[in-house]
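# Structure assessment
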Amino acid sequence: MNIEEIKAKIALIASQGYRDGSSVTKGFTYHNIPFDEFAGPAHKDISKEFIEILSNYGDPANKSVLEIGCANGYYTFNLAKLGASEIVAYEADTLVWDVNESIRVLKEIENIKFINKKFNEVDIAEHALQDKVFDLCLMLNVHMWIVKQVGFERSIYLMDALSRICKTMYFQTSHKESAGMFVVRELGTVDDVKDYLEVCNFDPVLIRVNRSHDGKPRALFRCASKSAGVGV
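My aim in this report is to walk through the structure given alongside it, one point at a time. All figures in this text were calculated on a predicted structure; none of them were measured in a lab.

Our focus in this paragraph is the overall build of the protein chain. Along the protein chain, the regular secondary structure elements total eight helices and nine strands. Over its C-alpha atoms the protein chain spans a radius of gyration of 17 Å, differing by no more than 12% from the 17 Å that the globule rule assigns to 232 residues. Taken over the C-alpha atoms alone, the protein chain extends approximately 50 × 40 × 30 Å along its principal axes. Taken across its 232 residues, the protein chain has 52% of its residues classed as buried. Of all intrachain contacts in the protein chain linking residues separated by at least 6 positions in sequence, the fraction that spans at least 24 positions is 65%. Surface exposure of the protein chain reaches about 10,500 Å², of which carbon and sulfur atoms provide 50%. The protein chain carries 27 positive and 32 negative side-chain charges, and their two centres are separated by 3 Å.

Quick look at the structure:
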């Protein structure tokens with residue numbers, strides 16, 4: 001696999017119809033790919049958000065990371081560059097995953113494992129059976145698609161189980177007052193999101209509220225698990 005072949009794969013993204021949470025424009029990536037040779041049109045620039053989270057969390061070197069809904073790997077690849085010991089990154093869109101995995105192989109990056117599937121409680125149980133507890137989890141603007149797919153009540157069960165295998169989570173989702181293609185109607189306000197995270201066995205701290213989604217509020221939380229390491 002060479003650079004031009006991977007660019008051809010990037011050009012195919014969004015060519016096979018709609019995917020929850022993925023690019024909706026052919027040839028666009030959802031987030032920018034953090035390698036100059038693969039720079040191209042993207043729906044969102046999350047470089048400032050990455051710096052913001054790193055400033056809050058600290059040095060990711062020698063930390064294990066779980067990213068749920070990694071898109072085209074902006075966080076994943078950058079955390080690998082910064083010395084994370086292991087990164088497990090889920091991406092449900094096969095075309096996006098194929099680009100990520102091809103870049104990983106091309107760059108000979110050994111501390112990333114890309115998984116092409118929707119994240120669910122089966123995966124949590126598998127990690128728990130391996131006595132795996134991740135230092136850091138990223139669930140950034142992915143939760144609402146999980147709610148769409150499994151329902152709100154089931155999402156509480158999944159998030160509670162996730163608290164058993166993740167020490168610290170950075171979390172952002174839509175809610176009724178915010179904007180987006182899919183909004184979690186059961187969560188009305190930023191305070192409702194905070195209460196939801198507490199029900200799910202996390203101790204959430206609000207980092208900031210931005211208004212980049214059509215001027216409507218969307219909150220970023222740092223969530224400390226209340227039960228990491230306790231069996232699912």
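After presenting the structure, the write-up continues.
Let's shift gears to helix α6 (residues 143-150). Within the span of α6, buried status applies to His-143, Met-144, Trp-145, Ile-146 and Val-147. Along its buried surface, α6 packs onto β3 (64-68), β6 (134-140), α7 (152-162), β7 (166-172), α8 (190-199) and β9 (216-225). Positive phi appears at Gly-151, one or two residues downstream of α6, with a value of about 95°.

Our next topic: the nonpolar core. One finds Leu-66, Ile-68, Met-139, Met-159, Leu-162, Met-169 and Phe-171 to be the most contacted residues of the largest nonpolar core, which totals 35 residues. Of all the secondary-structure elements, those providing two or more residues to this core are β3, β4 (86-90), β6, α6, α7, β7, α8 and β9. Residue contributions to this core peak at five residues, all from α7. The residues contacting Met-169, other than those within four sequence positions of it, are Cys-137, Met-139, Met-159, Leu-162, Phe-202, Phe-221, Arg-222 and Cys-223.

Here we come to a nonpolar patch on the surface. Where nonpolar side chains cluster on the molecular surface, the patch consists of Tyr-18, Val-24 and Met-181 and spans about 330 Å² of accessible area. Relative to the assigned elements, Tyr-18 resides in the loop between α1 (3-12) and β1 (29-31). The exposure class of Tyr-18 is partly exposed, given its relative accessible area of 41%.

This structure, assessed with the given rule, holds 13 salt bridges. One salt bridge in this structure joins Glu-4 and Lys-7, with 3.7 Å as the shortest N-O distance. Within this pair, Glu-4 and its partner Lys-7 are both found in helix α1, separated by three residues, close to a single helical turn. Among the residues examined, Glu-4 registers a relative accessible area of 54% and is labelled exposed.

Here the focus is the packing of aromatic side chains. Counted under the stated rule, the structure contains nine aromatic pairs. Relative to Tyr-75, the ring of Phe-50 lies with its centre 5.3 Å away and its plane at 65°, an arrangement referred to as edge-to-face. One end of the pair, Phe-50, is in helix α2 (residues 47-57); the other, Tyr-75, is in helix α3 (residues 74-81), with 25 residues separating them in the sequence. Taking relative accessible area as the criterion, Phe-50 reaches 8% and is therefore assigned buried.

Looking now at the pairing of β6. Burial analysis of β6 places seven of its seven residues in the buried class, the great majority of the element. Sheet topology note: the β3/β6 ladder contains three bridges and is parallel. Bridge assignment links Leu-66 to a residue of β6, and that residue is Cys-137. Two strands pair when backbone bridges link them, and β6 and β7 are joined in this way by six bridges, in the parallel orientation.

This part is about the packing of α6 against α7. Two packed helices can be described by the angle between their axes and the distance between those axes. Contact geometry of α6 with α7 gives a least axis separation of 7 Å together with a crossing angle of 125°. Judged by the inter-axis angle, α6 sits oblique to α7. The element α6 and its partner α7 pack so that their crossing is right-handed. Note on element contacts: α7 touches α6 through Phe-152, Arg-154, Ser-155, Leu-158 and Met-159, opposite His-143, Ile-146, Val-147 and Val-150. Partitioning the contact of α6 with α7 into residue classes produces six nonpolar, two polar and one charged.

The subject of this paragraph is unusual backbone geometry. Positioned with a positive phi, Ala-71 is a non-glycine residue whose angle comes to about 50°. The phi torsion at Asn-141 lies on the positive side, around 60°, for a residue other than glycine. Within the secondary structure, Asn-141 is located in the loop between β6 and α6. Take Asn-141: its relative accessible area is 11%, and that puts it in the buried class.

Reading the values: the criteria
Residues numbered from 1 in each chain as written. Predicted model: local features only at pLDDT ≥ 70, side-chain atom pairs only at ≥ 80, totals over all residues. Heavy atoms only, no water. Helix = DSSP H or I, 4+ residues; strand = E, 2+ residues; numbered from the N terminus. Rg over C-alpha atoms; globule rule 2.2 N^0.38 Å. Buried < 20%, exposed > 50% of the residue type's maximum accessible area, 1.4 Å probe, protein only. Contact = heavy atoms within 4.5 Å. Areas by Shrake-Rupley, 256 points an atom, 1.4 Å probe, with all protein chains shown as cover. Lys, Arg positive; Asp, Glu negative; His and termini not counted. Charge placed at Lys NZ, Arg CZ, Asp CG, Glu CD. Core = buried A, V, L, I, M, F, W, Y, C linked by side-chain atoms within 4.5 Å. Patch = residues over 30% accessible without salt bridge, like charges linked within 9 Å, V, L, I, M, F, W, Y side chains within 5 Å. Salt bridge = Lys/Arg side-chain N within 4 Å of Asp/Glu carboxyl O. Phe/Tyr/Trp six-rings, centres within 6.5 Å; stacked < 30°, edge-to-face > 60°. Pairing = 2+ DSSP bridges. Axes fitted to C-alpha atoms, helices over the stretch in contact; angles between N-to-C directions. Parallel < 35°, antiparallel > 145°, perpendicular 65-115°, else oblique. Left-handed = near helix turned anticlockwise from the far one by under 90°. Nonpolar A, V, L, I, M, F, W, Y, C, P; charged D, E, K, R; others polar.

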